[in-house]
Every structure is written in C-alpha cells, then in structure tokens.
Amino acid sequence: MYPFLSHSIMQLCRSRAMGKSGLALVLAILISFQGTILVRSDASDHRYKEGDHVPLYANKVGPFHNPSETYRYFDLPFCVKGNEKEKTEALGEVLNGDRLVSTPYELNFRTEKDAKLVCSRKLKKEEVAQFREAVKKDYYFQMYYDDLPIWGFIGTVDKEGKTDPSEYKYFLYKHIQFDILYNKDRVVEISARMDPNSVVDLTEDKEVDVDFRYTAKWKETDTPFEKRMEKYSQSSSLPHHLEIHWFSIINSCVTVLLLTGFLATILMRVLKNDFMKYAQDEEAADDQEETGWKYIHGDVFRFPKHKSLFAASLGSGTQLFTLTIFIFMLALVGVFYPYNRGALFTALVVIYALTSGIAGYTATSFYIQLEGSNWVRNLLITGCLFCGPLFLMFCFLNTVAIVYSATAALPFGTILVIVLIWTLVTSPLLVLGGIAGKNSKSEFQAPVRTTKYPREIPPLPWYRSTLPQMAMAGFLPFSAIYIELYYIFASVWGHRIYTIYSILFIVFIILLIVTAFITVALTYFQLAAEDHEWWWRSFLCGGSTGLFIYGYCLYYYYARSDMSGFMQTSFFFGYMACICYGFFLMLGSVGFRASLLFVRHIYRSIKCE
C-alpha cells in the first residue's frame, strides 16, 4: 500500500538521541509503513537532460474559498487519454486530501511547446452545466511539477456592467501557458497562466466544441536549486506582515509583563502580609480565630471529586502538551517547509501515537497518588478522553465527505492504517505507561494534613463562581494570542503560507506564562475566600482559553472568511471543536500544575497544627 523506505530506517537507527530506545524502531517502522520520512528533501532532486520526461501531476480542484471542499481533478470533464496513473501517496498526503494523478500535458525538460493541442472535445449539456457551476463557485486547480505546486482558475465570470446575476456570462479557459525556469539540469520554478483571449462561453445549456491547448516556455535562471522553495516562504514574511507579527509579539509581551508584574507584586505583598499575620497569630493566644487561606489548611489538599476523570484529563493534557513541543521542535528545524505535502499530518499521527505512554503514565500515577483503586478504568478513560470525541467527529465528517465525493474522504486502506497504528502502537504504549505509573507507587506530597470532615464553604458572590472565573481566566491569555490567531487561521483554512514558526513559538510560550499566572492568581483569591475546592476550578480556568478560541472561530467564519456550504461549515466547526478541546485539556493541565506548585509552596511556608 505504501512504499518501503529503508533509508529512513537507517537514519533513525543511527540516531544517538533515540538509539538506546525502542521508540526509534517503532518510529522507523511507522514512517516506513507510511511511505514518507518527516524530514524530507526539498524536492525530488531529479536531474534531467534535454527532452527527458518530467511528469506533471494534477492534484485537486475545488471552490477557492472552501479549502476543505476539494475534488479529484478529473471529476470535471477535462481531457482524458485513458492511461492516467495515480501517484502513490503517503499517509500524511492522503490525510491532507492530496490525490495526484498524471495528466496528458507533456512538459519535457527544456522542450518548448506552442499552443499544443491536448484534445478536442464536444461538451454535452450536462458537462457544460458542470463546468459552469464550477466557474460560478470560483473553482481553482492545483498541480505539481517536479514537486513544485502550480495553481490556476478554470474559468472566469464576466460581471462588467451587469447588476442582475442572471445576466452574468461564464467562460472556461481552454489554453494554459506554463512558464518554467531551470538552472542547468534542474527545474527551479514553474507558474501557470490562463490565456484570457482563449475562452469558451458556457452561459447557455447547449453543446460546445472545445480545443484544449497548452504552451510551455523555458527560461534559464541563476537561482540555485536549493533555494527554489524560498519564494513560497517569502510570501508569508513580507515587510508589512512581519511588522504586524512583531506588533502582536510586542503587544503580547507588554501584556505578559504588566500581568506578571501586577500579579507578582500583589501576590508577594499579600502573601508577605499573610505570612507575618499568621506568624503573629502563632505567638498570640491559641484561641484566636483563623481566617483566610490558612483557615482551610485541613481541606485544601482534600482530593477532588471524580478523581479518575481528573487524572485522565491531566494525562491527556500532558500528552498534548508534549505533542505540541515536539511539533514546534520539528517546525523550528525546518521540517514543515512550504508544500512538504503531508509532513505535518504524518508528524501529528506518529508523535501522538508515540506519546500515548506519557498520557498513561501521568494519568495512572496521579490517580494512584489520589488513592484511586480502579486504575484500569482510569486508563480506559484516558485513552478515550481525546481520541473518543475525535473519532466520532471524524466518522461524521468522513461520511459528509463521502456523500460529497470529496478528496477529504479517506480511503478504506488509509483508515485501516490509522486503526493499525492505534491498535499496535498507541494502545500498547498507553497500557505500558499505565503499568509504569501504577508501579511507581509515589505518594501525593501534601505539606499539611487533611482533616477527616470537610469544612463548609461560605456563601460567595456570583463573580466568584466557576463560569465568571473561567471567563476572566480565558480572556487574558486569549488577548495575548488573538492577533497571531488570524494568520494561523488564514493558513489552515485559507491559501496563505505560515512559515514564521519562531514567532509562533514565542507566542506559545507567552500563552503558557499568562495561563499559569492568571490561574495561580485566581486560585489564591479562591483560597483566600475560604473555598477549598480549587482542583477542578484551576483546571477549568486554565483550559478556558480553548473556549475563547472556539468563539474566535465563529467570528472568523462569519466576518473574516468567505467559506460557505454544509460540507465546509461542518469541517471547519467540527475539526476546530476538536482542536479547541485539545487546547482546553493542554492548558488546563498547565493551569493545574502551576496552581499545585503555588498551593504547595504557600502551605509549606506556614506552620499549621
């Protein structure tokens, strides 16, 4: 199903970083099975002689404003000779919706063609209507030539001087000009231009004769082969884009400095006063009534309700955090260069599978610390907490894609590969991590003893309840990242290219810092109000940024994008729900860990009876 790459196995097995671990072998087998390596060369690296055949592959067509709604190129009635061959795709490329197939265009190396006839066709009324509907929806096509992407629109709409849509005229381009740059024996750049003077009118439902032609122009360039992908990177780092990016960084840094400075000053002064007060109370009469967070020292480390679910949430969040860090490491070393087809999806699948042991270990060890007994059920909850909703959403969206006959619908073979990865790698590692966590036998480190019976929580004002606190906790981290969110959305759900991963990593670090600080501050205020049920609250407050990001999805869809249609809408909100849920788990675990460190610190600093 997928080609075997022995070279990738040799590279990974020689790796010192992973040579002593069984993960290297698992990763090598997985990557070979998928037919791709994460760090892929910039292109096919083919050298050609004059007249050599260089295949041109057609990838997909679809509405320009609906990135998820793509179809096979030959779903439209273009010229077909009958000998077209599908290119073998790796797992990540299939997940990306790529379906490459050879075309009848013959672009031999350094061989010029002038208005070469591809085929003459008489389009039937149904085919004319099919093309017209595609032109009306602003269909574009994507091709690949020597691993270089090419785009173009299949037609144009004449709206000049017409106010009524029924008066619009629809034209199909029938002549493509390929402009190809080469450096000695290598292809460096290619672009496609549609001839506006060579069109066919599709406005009426009647049979039309069409002569599909193409032109190939070759020109030598000094651009070295190694830099041929730079033009795609530069499109995302234009001066005005960089200025806005850096403005967002400065804005976020100022937010972080003000917030951390404010919180650090307030908390340090308040805590200093608290420590002095409690120290004086100890020297004063023993019958003096305790108030504030010291008053609940016997309840603050009382284990939370639903501790199995809590431990599973912490384990899944930790795994997703580790996954994110690994993805950033690959991005910063240049793995995800523009149009390295499927590399990101391959990395996500492989790294998620290999980090499942972290989820199992974290969840089970913490569950055992919370004196849980049914660790097997806890492990099952951990395995299903994120994968379960993701699987259900995939089933629904894949069904939608099948109904639409879109390339987003995964073939049975690809689904089988994913199931095998989950069965043979993810699940065993999850169980092994759980067994290791169970055998760690670590005890929960609480600096004060917990009383037998919990104190009653005093009545609190409405703004100290869970939802207002979550709104407050999520707003500040979201305000630090919302400018960068637009560029990420425009890249994932549009046709822009995102390559400035260093800026994105800085924003991610800022997000973690702000999330940790605001959660710690809210935890302190909660304890000061003598509310000792801070465990779930800190997790929910830390993860609430994910809800704000999903709210931004609504704004982006309706105000910043031109997406439309049931399929695109369901794909956008469906997969973004899964991503935001992942952010919720990841940032929730960060918020809880920060709060746990803080609570342990302050109760270790005072003397409690």
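What counts, and at which threshold
- Residues numbered from 1 in each chain as written.
- Predicted model: local features only at pLDDT ≥ 70, side-chain atom pairs only at ≥ 80, totals over all residues.
- Heavy atoms only, no water.
- UniProt positions renumbered as here; feature names shortened; annotations may be inferred.
- Salt bridge = Lys/Arg side-chain N within 4 Å of Asp/Glu carboxyl O.
- Buried < 20%, exposed > 50% of the residue type's maximum accessible area, 1.4 Å probe, protein only.
- Helix = DSSP H or I, 4+ residues; strand = E, 2+ residues; numbered from the N terminus.
- Core = buried A, V, L, I, M, F, W, Y, C linked by side-chain atoms within 4.5 Å.
- Contact = heavy atoms within 4.5 Å.
- Axes fitted to C-alpha atoms, helices over the stretch in contact; angles between N-to-C directions.
- Parallel < 35°, antiparallel > 145°, perpendicular 65-115°, else oblique.
- Nonpolar A, V, L, I, M, F, W, Y, C, P; charged D, E, K, R; others polar.
- pLDDT = per-residue confidence, 0-100.
- Pairing = 2+ DSSP bridges.
- Lys, Arg positive; Asp, Glu negative; His and termini not counted.
- Polar contact = N/O pair within 3.5 Å; in protein donor to acceptor, adjacent residues only side chain to side chain.
- Phe/Tyr/Trp six-rings, centres within 6.5 Å; stacked < 30°, edge-to-face > 60°.
- Lys NZ or Arg CZ within 6 Å of the ring centre and 35° of its normal.

Going by what an unreviewed UniProt entry lists, the protein is known as Transmembrane 9 superfamily member and is assigned to Phaseolus coccineus. Within the UniProt record for the protein, the comment given under Sequence similarities (unreviewed entry) is "Belongs to the nonaspanin (TM9SF) (TC 9.A.2) family."

**Examining the pattern of salt bridges**
Inspection of the entire model under this criterion finds 15 salt bridges. With a closest N to O distance of 2.9 Å, Arg121 and Glu127 form a salt bridge. Given a relative accessible area of 15%, Glu127 falls into the buried group. Among the salt bridges present, the one from Arg455 reaches Asp299, with a minimum N-O distance of 3.7 Å. In this pair, Arg455 sits in the loop between helix H13 (412-440) and helix H14 (466-492) while Asp299 sits in the loop between helix H7 (239-283) and helix H8 (307-332), placing the two residues 156 residues apart along the sequence. Because the salt bridges share partners, they merge into one network encompassing Asp299, Arg302 and Arg455.

**Quick word on the nonpolar core**
Formed by 80 residues in total, the largest nonpolar core has its most connected members in Phe572 and Tyr603. Those residues in contact with Tyr603 that lie beyond four places of it in its chain are Trp293, Lys294, Ile296, His297, Val300, Phe301, Pro447, Val448 and Leu527. The next biggest cluster of nonpolar side chains, apart from the first, holds 59 residues, and it includes Phe141, Tyr182, Val208 and Phe212.

**As for the packing of H14 against helix H15 (residues 501-528)**
Between H14 and H15, whose axes approach to 9 Å, the crossing angle comes to 175°. The pairing of H14 with H15 is recorded here as roughly antiparallel in orientation. Residues Gln469, Met472, Ala473, Leu476, Pro477, Ala480, Ile481, Glu484 and Ile488 of H14 lie in contact with H15, whose contacting residues are Ile503, Leu504, Val507, Ile510, Leu511, Val514, Thr515, Ile518 and Leu522. Considered class by class, the residues forming the contact of H14 with H15 number 15 nonpolar, 2 polar and 1 charged.

**Regarding the environment of Pro428**
Mapped onto the elements, Pro428 comes out in helix H13. Pro428 sits 71 residues away from Gly357 along the chain, and the two C-alpha atoms are 8.2 Å apart. Filtering out sequence-adjacent residues up to four positions away, Pro428 remains in contact with Trp422 and Thr423.

**Considerations on the confidence of the model for the protein**
Across the protein, the average pLDDT comes to 85, with 87% of residues at or above 70. Counting interchain partners and residues more than four positions distant, the pLDDT-below-50 stretch residues 1-44 has 80 contacts. Residue range residues 285-289 is modelled with pLDDT below 50. Its contacts to residues more than four positions away, or to other chains, number 1 contact.

**Regarding the pairing of strand E8 (residues 169-173)**
In terms of burial, E8 is largely enclosed, as 4 of its 5 residues are buried. Where strand E7 (residues 155-158) meets E8, 4 bridges bridge the pair, whose relative direction is antiparallel. Within E8, the position partnered with Thr156 by the bridge is Phe171. Judged from the 3 bridges that link them, E8 and strand E11 (residues 199-201) form a sheet pairing that is antiparallel. Across the sheet, the residue bridging to Phe171 is Asp201, located in E11.

**Observations regarding the side chain of Lys113**
Take Lys113: it is sitting in strand E4 (residues 113-123). As a buried residue without a salt bridge, Lys113 has its nearest oppositely charged side chain in Glu106, at a separation of 4.2 Å. A polar contact of 3.0 Å, which involves the side chain of Lys113, links it to the backbone oxygen of Glu106. Separated by 3.5 Å, the side chains of Lys113 and Tyr214 make a polar contact. Residues contacting Lys113, with those up to four places away along its chain left out, are Glu106, Tyr214, Thr215 and Ala216.

**Some thoughts on helix H16 (residues 535-543)**
Residues spaced three or four apart along an α-helix face the same direction, because each turn holds 3.6 residues. Counted residue by residue, H16 has 7 buried out of 9 residues, so it is predominantly covered. Those residues of H16 not exposed but buried are Trp535, Arg537, Ser538, Phe539, Cys541, Gly542 and Gly543. The inward-facing, buried residues of H16 abut H8, helix H10 (356-369), H14, H15, helix H17 (545-560) and helix H18 (566-604).

**Describing the environment of Leu257**
As for its placement among the helices and strands, Leu257 is situated in helix H7. Residues Leu257 and Ile510 lie 253 residues apart in sequence; the distance between their C-alpha atoms is 9.9 Å.

**Brief notes about the packing of aromatic side chains**
According to the stated counting rule, one finds 60 aromatic pairs in the structure shown. On the basis of an interplanar angle of 50° and a centroid distance of 5.5 Å, the ring pair of Phe64 and Phe153 is categorised as tilted. With Phe64 in the loop between strand E1 (56-63) and strand E2 (71-72) and Phe153 in strand E6 (residues 148-153), the pair connects residues that are 89 residues apart, well separated along the chain. Owing to a relative accessible area of 28%, Phe64 belongs among the partly exposed residues under this scheme. Look at Phe153 and you get partly exposed, because its relative accessible area is 31%. Note on Tyr524 and Phe598: the rings are 6.3 Å apart at their centroids and 80° apart in plane angle, and the pair reads as edge-to-face. Residue Tyr524 is found in helix H15, and its partner Phe598 is found in helix H18; the two are separated by 74 residues along the sequence. This pair shows no difference in class: Tyr524 is buried, exactly as Phe598 is. The ring of Tyr57 carries Lys87 above its face, with NZ or CZ at 6.0 Å from the centroid. A cation sits over an aromatic face here: Arg600 above Phe444, 4.7 Å from the ring centre.

**Structural notes on the pairing of strand E5 (residues 139-145)**
With 7 of 7 residues buried, E5 is to be regarded as a mostly interior element. Side chains Tyr139, Phe141, Met143 and Tyr145 project from E5 onto one buried face, and the interleaved Tyr140, Gln142 and Tyr144 project onto a second face that is buried too. Note: E1 against E5, 7 bridges, orientation antiparallel. Across the sheet, residue Pro63 finds its bridge partner in E5, namely Tyr139.

**Some points on unusual backbone geometry**
Even without a glycine there, the phi angle at Arg110 is positive, about 55°. Here Arg110 shows up in the loop between strand E3 (101-102) and E4.

**Observations regarding the sheet that holds E4**
The sheet built from 4 strands is open, its strands ordered E4-E12-E9-E10 with mixed pairing. Edge positions in the sheet fall to E4 and strand E10 (186-194), since each of these pairs with one other strand and no more. When strand polarity is set aside, the average angle formed by the axes of neighbouring strands in this sheet is 20°. Relative to strand E12 (residues 208-220), E4 runs antiparallel, the two sharing 8 bridges. Considered in E12, the bridge of Arg121 is made with Val210. On the sheet, helix H5 (residues 125-136) packs against E4 and E12 and is oriented at approximately 120° with respect to E4.

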